[in-house]
Amino acid sequence: MSSETTPEAASEAPADLVVVADPQDPLAVELAAYVTEQGRSVAVLDVFDAAQLFTVTVRAGTATVDPVVPLVLLLPAPPERRTGFDAEFHLGECFAQLWAVAALTPAPVVNRPAGTLVAGRTARSAAVTARRAGEHGNGELFSCGYPQPGSPEGEAFWVEDLGTLRARRWPERPPGTGPYRARWTDTDPATETVVVLGDRAWHCTTADLDHLDLESRSTAAATALGLDLAALVWRVTDGTATARLVHVEPFPSLEQLRMVWLGLGPRLMEVLFP
């Protein structure tokens with residue numbers, strides 16, 4: 001980030017659209033091919049190259065981002081465990097730069113970060129995410145000792161060790177010594193995935209679930225979580241009488257988006273190139 005006061009010529013963007021992702025990410029590859037077919041150029045840059053592309057300049061209290069180019073953030077999840085201080089510091093600095101760029105640029109940004117994390121208000125806890133989304137999900141139990149099941153909310157009680165991030169079905173213990181996170185689920189749950197982009201949503205199957213209003217609930221949940229593009233997984237229970245939000249993916253995979261691409265693709269072009 002720069003705070004220089006000397007005027008600078010605006011930089012030229014390397015393409016009409018910049019996708020920040022692992023260049024080998026299948027969704028980034030598919031998205032680049034689709035946008036190119038629509039007559040626009042695309043640059044797919046990893047976190048490090050994308051951070052070096054942009055300059056954020058602050059003059060007289062006003063921030064300017066250069067170059068001004070639409071962005072799609074398909075950021076890979078940071079490693080769960082430290083791989084090395086220098087590597088972690090470098091990655092953190094690049095994330096911070098991209099966060100500032102995506103938050104401040106006047107160009108369209110898919111999943112523009114706000115005052116929270118780049119993954120919106122999602123959390124590793126599905127229960128916390130559902131509550132923030134305004135939905136009632138299954139409860140979760142956190143314990144320093146190995147937990148015991150409470151009142152059943154499903155067919156199986158799963159326990160995750162937060163040190164090893166390994167899970168087992170109770171009463172089997174996962175590797176590790178705790179602390180633990182646990183929740184009820186069904187052995188073979190029926191689920192429906194809904195993909196959201198802004199104020200539009202598409203469910204991924206042809207199941208007759210209109211009475212559950214999942215599209216409207218999904219757009220409202222994504223908005224509450226500060227997400228533009230997301231895949232929301234709903235657990236359909238009691239036949240098809242009810243649905244509970246069980247997972248929110250802020251950076252969906254190609255597999256999650258492929259089934260709705262006929263609607264999602266054209267809408268994405270409208271969002272990025274208004």
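For clarity, every value in this text was computed on a predicted model and none was experimentally measured. (Residues numbered from 1 in each chain as written. Predicted model: local features only at pLDDT ≥ 70, side-chain atom pairs only at ≥ 80, totals over all residues. Heavy atoms only, no water.)

**Structural notes on helix α7 (residues 261–272)**
In this model α7 runs 16 Å from its N-terminal to its C-terminal C-alpha over 12 residues, within 8% of the 16 Å that 1.5 Å per residue would give. Buried within α7 we find Trp261, Leu264, Gly265, Leu268, Met269 and Leu272. Burial along α7 is one-sided: seen end-on, the buried residues are contained in an arc of 135°. (Helix = DSSP H or I, 4+ residues; strand = E, 2+ residues; numbered from the N terminus. Expected span 1.5 Å × (residues − 1). Buried < 20%, exposed > 50% of the residue type's maximum accessible area, 1.4 Å probe, protein only. Arc of directions from axis to C-beta.)

**Side note on the environment of leucine 71**
Structurally, leucine 71 is set in strand β5 (residues 71–73). Judged by its relative accessible area of 2%, leucine 71 is buried. C-alpha separation for the pair leucine 71 and proline 108, spaced 37 residues apart in sequence, amounts to 6.5 Å. Setting aside chain neighbours within four positions, we find leucine 71 in contact with Leu17, Val18, Val20, Phe54, Val101, Ala102, Pro108, Val109, Val110 and Leu272. (Contact = heavy atoms within 4.5 Å.)

**Some points on the confidence of the model for the chain**
Per-residue confidence for the chain gives a mean pLDDT of 84; residues scoring 70 or more make up 88%. Within the chain, the lowest mean pLDDT, 80, falls on helix α3 (residues 85–104), and the highest, 95, falls on α7. When the criterion is pLDDT under 50, residues 1–7 qualifies, and its contacts beyond four places in sequence or with other chains add up to 14 contacts. (pLDDT = per-residue confidence, 0-100.)

**Topic: the side chain of glutamate 160**
You can see glutamate 160 is positioned in strand β8 (residues 156–161). With relative accessibility at 12%, the residue glutamate 160 sits in the buried group. Excluding residues within four positions of it along the chain, glutamate 160 makes contact with Arg124, Leu165, Arg166, Ala167, Pro174, Pro179, Tyr180 and Arg181.

**Concerning the pattern of salt bridges**
Where charged atoms from two side chains of opposite charge approach closely, those side chains can pair. Under the definition given, this model contains 5 salt bridges. For arginine 168, the salt bridge goes to glutamate 172, with nearest N and O atoms at 3.3 Å. Arginine 267 is the salt-bridge partner of aspartate 199, the closest N and O atoms lying 3.5 Å from each other. Of the two residues, aspartate 199 is situated in the loop between β11 (190–197) and β12 (200–203) and arginine 267 in helix α7; the sequence distance between them amounts to 68 residues. (Salt bridge = Lys/Arg side-chain N within 4 Å of Asp/Glu carboxyl O.)

**So, the packing of helix α1 (residues 26–37) against α7**
It is at 11 Å that the axes of α1 and α7 come closest, and there the two elements cross at 65°. Taken together, the axis directions place α1 and α7 in an arrangement best described as roughly perpendicular. Remark: the crossing between α1 and α7 carries right-handed chirality. Residue-level inspection shows Leu27, Leu31, Tyr34 and Val35 of α1 in contact with α7, the latter providing Trp261, Gly265, Pro266, Leu268 and Met269. (Axes fitted to C-alpha atoms, helices over the stretch in contact; angles between N-to-C directions. Parallel < 35°, antiparallel > 145°, perpendicular 65-115°, else oblique. Left-handed = near helix turned anticlockwise from the far one by under 90°.)

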